[in-house]
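Each chain, letter by letter, is given below.
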Amino acid sequence: MTQVNEPILRLSGVSKRFPGVLAVDGISLDVAPGEMLALAGENGAGKSSLIRLLAGIHRPDSGEMRLAGQIYAPQTPLDAIRAGVRVVHQEFNLLPALSVAENLLFEHLPRRRLGPIGGIVDRREMDRRAEALLARVGLDEVGPRTPVERLGIAQKQLVEIARALSGDLSSGGRVLVLDEPTATLTPREAGRLFEQIRLLKASGMTMLYVSHHLAEIFALCDRVAVLRNGALVDTMRTADTEPAALVGSMIGRTLATQAPIGGGTPGAPALSVRGLRPRGSPEDGALDFAVREGEIVGLAGLVGAGRTEAVRAIFGADPAIAGTIERDGKPVRIRSPRDAVDAGICLLTENRKEEGLVLPMAARVNTTLARLKLVSRFGWLRPAAERAETRRLAKDLATKITGPEQPVIELSGGNQQKIVLAKWLMGDKARVLMLDEPTRGIDVGAKAEIYALLGQLAQEGRAILVVSSELPELTHLCDRILVLSRGVLAGEVARPDFSEERILSLAYSRYTQAHWQTH
Amino acid sequence: MDRRTFLAGIGAAGVLSLPASAAWAQLKKPVVGLVMKSLANEFFKNMQEGALRHVEERGDCTLIPLGIQSETDIDGQIALVENLITRKVDAIVIAPADSRALISPLVRAAKAGIKLVNIDVLLDANALKKHHVEIVFVGPDNKEGAKMSADVLAKALGAGGKVVILEGNPGAANGVQRKEGFMESIAQYKLDLLDSRTAHWETEEANTVFSNMLTAHPDIQGVMAGNDDMAIGVVKAIEAAGKKGQIKVIGFDGIAAIQPLIKNGEVLATVDQFGAQLAADGIDAAMKEIGGQTLTGWVKTPMKLETAATI
Amino acid sequence: MSSSSSATVRRILREAGIGLALLAMIVFFAAAAPDFSTHENISNILTQITINLILATGMTFAILIGGIDLSVGAVMALCAVVAGRLLTLDGMSEPLAVALGVAGSLAVGMGCGAANGWISSFWGIPSFIVTLGMLNIARGGALQVTNARTIYDFPDSFNAFGTATVLGVPVMFVIALVLLGLGWLVLTRTVFGRMIYAIGNNEEAVRLSGHRPLLTKVLAFTVTGLFVGIAAIVYMARLTIANPILGVGFELNAIAAVIIGGTSLSGGRGSLIGTLLGAAIIGVLANGLILMGVSDFIRQIVTGVVIILAVVLDSYRARLARG
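Naming follows an unreviewed UniProt entry, where chain C appears as ABC transporter permease of Endosaccharibacter trunci. You can read under Subcellular location (unreviewed entry) in the UniProt record for chain C the words "Cell membrane".

As annotated in an unreviewed UniProt entry, chain A is Sugar ABC transporter ATP-binding protein from Endosaccharibacter trunci.

Structure below.
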């Protein structure tokens, strides 16, 4: 060991129990100063719970944490920040109505000394500092006074990281925890982020890094700690291991080499989109495409290319400017999600917590939410039928729930996503399945399960449209990929021609064009 | 020409374009503002209607009747007075929502040359004196009226009779005066006062509060209610407790809904202050002042004791 | 222990907490005021909480769906005076007049409720504001209908119902309890009830699951209005009058009962069992303090303290339950 310093962070036998589950099971772990340690593990392995203990959101039931030798027992997130532990969570903690600058500098707004009440916010100074922070995460295209609610998800993620960095300027951050920072980012944005992470690492910052992207772990981290069912099962140096071994350690078995999924024999077009212009689409952005029965079609593009807008418009979640939708060759009028659901079209939205689930309510309630007619008679619910359906679907999808009454807020991301899927699959009415970032924040094991499930659903004759920012996901899953660029359908790539270069060049095509036009 | 005289000019032009005789008649007639409390209250509604009828009969003045949203909307009433000052009325007849808060806008009105008449609730005499303003009071003696009503009860019960009081809104002048009247009667006839609580002038609350009083003091023989609305609530509570005829009740105001209860003996007495007449008397006083007389002191208006014998 | 039963245990604990507070209060008053535990007084308390219980039952629907109804007191006055007018129409047989009066009250209540729900949901205006407007409309309407006069002289059969008892329990309270039971069934056993809870928690997720929240929201407010109409009838039968200024401030008592009962003001969490306990706490407190001879002003202060205490306790319990 070259490391002679005592560890900056030491966990000794830390445990945390939540109702029905031992989320963190006696973890002992040392992190050396300046080290970059990855936390890896499947869905529900305990990574998020461990981070919540570090962040002061929850308190351990037993065990001890030490920070630079001192007992570290944060009672609140503020305690953690004061002690120098900054966490960038998967969920955003931004105030949507406030500007980017205000969010970044919320804890320490620059004040003008000579204000009449001695505490006028110095907007110019605030903008200057905010711009500097934004530059550190490569977000120069965002103005500091833009309200956060107008940003895309990827931009919000970067602002969140920038905010954690703002702490290290003034409060002397010692440990930075990044929880799935790239889950929502395009490769270009992720690349920018990695540069910043490397700079921070070079400056001696200690970092904990949680990601499902094994490539990132191997590229950035010194060491990786593997969690399984709440317990620490292994730590390894990234230099001494390789992805297959890490995955094996994570899931406790070796993963078969991934064969492409793809659908069944394509049948007649189940969903045809003609001249669709979603909200905010450009004048020449009318979309025309079809998804056939038994087919898995990908929708690729950069963040802001209009993929989410397109599926939301098809689903009737947002009004479209123009366009018609056909189901099985017959035009259908879709003005609300209800019309879409009646036509057998469903959508897994990109924010499952905000838009897909009623988080505080039971698995049973969420599973039956879209198909209440099937578990009711004359408006009266049949609780026994509800519970039976919930159990059946949980079994079919291998959803880990303690029972139909468990609130979905207690479930891990992957299991929550399976509940959303169960909601749509119940009653076998969904013939066209649209999924927006279906595996965001979901671990390798659950991802593979969801892929297999989608393949099976396609085999059964459903038409499937997948939006994803992860190209490997699309190339693994789809029969063909549609590529959007700045709201325009830039091209289509069939499985034999799949290559990252081909798809990316299409995704960027409109941006380089625009570049030529404006200069 | 500044803006105000300009506007006045337009106004004058408008008036002149009317047929001359009508315009003159309109201009000559003195304008009296009548400021009441809540028109949601039957008493003031009666007062307003009586005033309008009276002015029509008189035919020599124009009436602007105004009311506020609720009994306690003191701010609103001050605004009404200020509006009337701006409109340069000749006289204001007011039933103040508060005996002190209204004094300062009324002093301003007096300084603007507006004749003032105080009705219903007496303005605070000391505060008026401080501002060297005298305002004639035309109104009933709430205290005396309350005593008249309470005396009927006291005589029926005899010395040592056990009674409770239901008060109006705490702090309201008429409520306070009525309670004083009740207390005087209690002292004079040596009644035994068991409890005194507010029911905020309300029927339902009186019903609830009284049933609870009755539980605490099952030997209650008589009830003095600050108004008839509360008396009705008390009567219903007595019925519900199965003590109909065993407990005697008196009220105040003489609203229509109390009449049948007096007739069948469930309420012994109430006092009619003739709300309609009150405003009319106030307007008469105001017209006298406009005519040059100076009125001072208290012009007492008649009250009538209502019992089964008088209805 | 399975999580389903542990969730049930936690829910029971939450409501039991309010129940325990009520029990403690009853024990205290029984010891401090000798008349408190008499049969007559208990019957009195039941009568006294009836109207608030009915209003609070309706209010629970509005609050669970994430709204609030500030107009219930004023709408109750409008219902009462409309029903009063119909009850006292000349030349009608008694049963017909009563039927007409009851129907009128319910119709006015539901109409106002539906208007509240539709205006606030369709235009996305907070129900707080819409119902504040409705408060003024209904109050003004009631004054207009009656010209500020009190209506009385209802048919005897109608008035008799106000003081009727069954096995020593006021009939009106029994009715209120039955209504609460029906409301509980609707909230827990029907698709409509499920939608109310789901919308109260996450309206967007419900919309994106293929539902039209608008309809459910309008219906929830209509239910609130229906209960207001029923409360107006109970009021009239109990006091044998209808006047346009009745019910001032009743909305605040109803909201207090719902909140003390552990229903979240932000919607989606709570139950009618809690509302029943909340209304009982308010009623027992008012009654007990008078029996103890506590003065009016102190009584008001104590009531305020108890409301705050109940909500603080509830949030403390919720935090404990979350762990």
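Anyway, onward from the coordinates.
Undergrad: Can you help me understand the overall build of chain C in this one?
TA: Looking only at helices and strands, one finds twelve helices and two strands in chain C. Written out in order from the N terminus, the α and β elements of chain C read α-α-α-α-α-α-β-β-α-α-α-α-α-α. Against the 2.2 N^0.38 benchmark of 20 Å for 323 residues, chain C shows a C-alpha radius of gyration of 20 Å, consistent with a compact globule. Seen through its C-alpha atoms, chain C measures out along the principal axes to roughly 65 × 55 × 35 Å. The long-range share in chain C, meaning contacts at least 24 apart out of those at least 6 apart in sequence, stands at 79%. Accessible surface, chain C: about 12,700 Å² in total, of which carbon and sulfur atoms supply 71%. Counting 17 positive and 13 negative side-chain charges, chain C places the averaged centre of each group 15 Å from the other.

Undergrad: I'm lost on the environment of B:Lys190 in this one. Help?
TA: Residue and element names in this part refer to chain B. The residue Lys 190 is located in the loop between helix 8 (173–188) and strand 7 (192–198) in this model. Spatially, the C-alpha atoms of Lys 190 and Ala 40 are 38 Å apart, while their sequence positions differ by 150 residues. Contact partners of Lys 190, with chain neighbours within four places excluded, come to Ala 159 and Gly 160.

Undergrad: Help me understand the packing of helix 3 (residues 72–87) of chain C against helix 5 (residues 127–146) of chain C in this model?
TA: Between two packed helices, both the angle of their axes relative to each other and the distance between the axes serve to describe the pair. Residues and elements named next belong to chain C. At a minimum axis distance of 7 Å, the contact between helix 3 and helix 5 shows a crossing angle of 25 degrees. By the angle class used here, helix 3 and helix 5 are roughly parallel. For the pair helix 3 and helix 5, the sense of crossing is left-handed. Taking contact as the criterion, the partners of Gly 73, Ala 74, Val 75, Ala 77, Leu 78, Val 81 and Arg 85 in helix 3 are, on helix 5, Met 134, Leu 135, Ala 138, Arg 139, Gly 141, Ala 142, Val 145 and Thr 146. Grouping the constituent residues of the contact of helix 3 with helix 5 by class yields ten nonpolar, three polar and two charged.

Undergrad: Which parts of the structure should I look at to understand the pattern of salt bridges?
TA: Any two side chains of opposite charge can pair, so long as their charged atoms come close to each other. Summed over the entire model, instances satisfying the criterion amount to 48 salt bridges over all chains. Put simply, A:Arg223 and A:Glu35 hold a salt bridge, and the shortest N to O gap is 2.4 Å. One end of the pair, A:Arg223, is in strand 11 (residues 223–228); the other, A:Glu35, is in the loop between strand 2 (21–31) and strand 3 (36–41), with 188 residues separating them in the sequence. When sorted by exposure, A:Arg223 lands in the same class as A:Glu35, which is buried. Through salt bridges that share partners, A:Arg279, A:Arg312, A:Asp318, A:Glu355, C:Glu204 and C:Arg207 make up one connected network.

Undergrad: Would you explain the interface of chain A and chain C in this entry?
TA: In many reports, interface size means the accessible area that the parts give up when they come together. The interface of chain A with chain C comprises 36 residues on the first partner and 22 residues on the second. Linking chain A to chain C there are two salt bridges. Ionic pairing is found between C:Glu204 and A:Arg312, a salt bridge with its closest N-O pair at 3.8 Å. Our enumeration of links across chain A and chain C arrives at eight residue pairs in polar contact (both at pLDDT 80 or more). Split into classes, the residues belonging to the side of chain A that touches chain C amount to 16 nonpolar, nine polar and eleven charged.

What counts and how
- Throughout this document, residue positions are counted from 1 along each chain, in the order its sequence is written.
- Lettering of chains starts at A and numbering of ligands starts at 1, both following the order in which they are written.
- Given that this is a predicted model, residues contribute local features only at a pLDDT of at least 70 and side-chain atom pairs are listed and counted only at 80 or more, while totals for whole chains, interfaces and linings are drawn from all residues.
- Side-chain metrics rest on all non-hydrogen atoms present in the structure, leaving aside hydrogens and water.
- UniProt positions are given in the numbering used here, feature names are shortened, and annotations may be inferred rather than shown by experiment.
- Only DSSP runs of H or I reaching four residues or more are called helices, and only runs of E reaching two or more are called strands; each is numbered from the N terminus.
- Values of the radius of gyration come from C-alpha atoms, whereas the globule rule sets the reference at 2.2 Å times the count of residues to the power 0.38.
- Whether two residues are in contact is decided by their heavy atoms, any of which lying within 4.5 Å being enough.
- Areas reported as accessible are Shrake-Rupley estimates using a 1.4 Å probe. Residue values count occlusion only from the protein chains shown.
- For the purpose of counting charges, residues Lys and Arg are taken to be positive, whereas Asp and Glu are taken to be negative. His and the chain ends are not included.
- Positions of charges follow a simple convention, taking NZ of Lys, CZ of Arg, CG of Asp or CD of Glu.
- Fitted lines through C-alpha atoms give the axes, limited to the stretch in contact for helices. The angle between two N-to-C directions lies from 0 to 180 degrees.
- What sets the label is the angle itself: under 35 degrees gives roughly parallel, over 145 gives roughly antiparallel, 65 to 115 gives roughly perpendicular, and the rest give oblique.
- Note on convention: near helix rotated counterclockwise from far helix by under a right angle means a left-handed crossing. Clockwise means right-handed.
- Asp, Glu, Lys and Arg are counted as charged, while Ala, Val, Leu, Ile, Met, Phe, Trp, Tyr, Cys and Pro are counted as nonpolar; the rest, among them Gly, fall into the polar class.
- The salt bridge definition used is simple: a Lys or Arg side-chain nitrogen within 4 Å of an Asp or Glu carboxyl oxygen.
- Using a 1.4 Å probe on the protein chains alone, a residue whose accessible area is under 20% of its type maximum counts as buried, one over 50% counts as exposed, and one in between counts as partly exposed.
- Counting of polar contacts relies on pairs of N or O atoms within 3.5 Å, with two restrictions inside protein: one atom must be capable of donating a hydrogen and the other of accepting it, and residues adjacent in sequence are counted only when both atoms are side-chain atoms.

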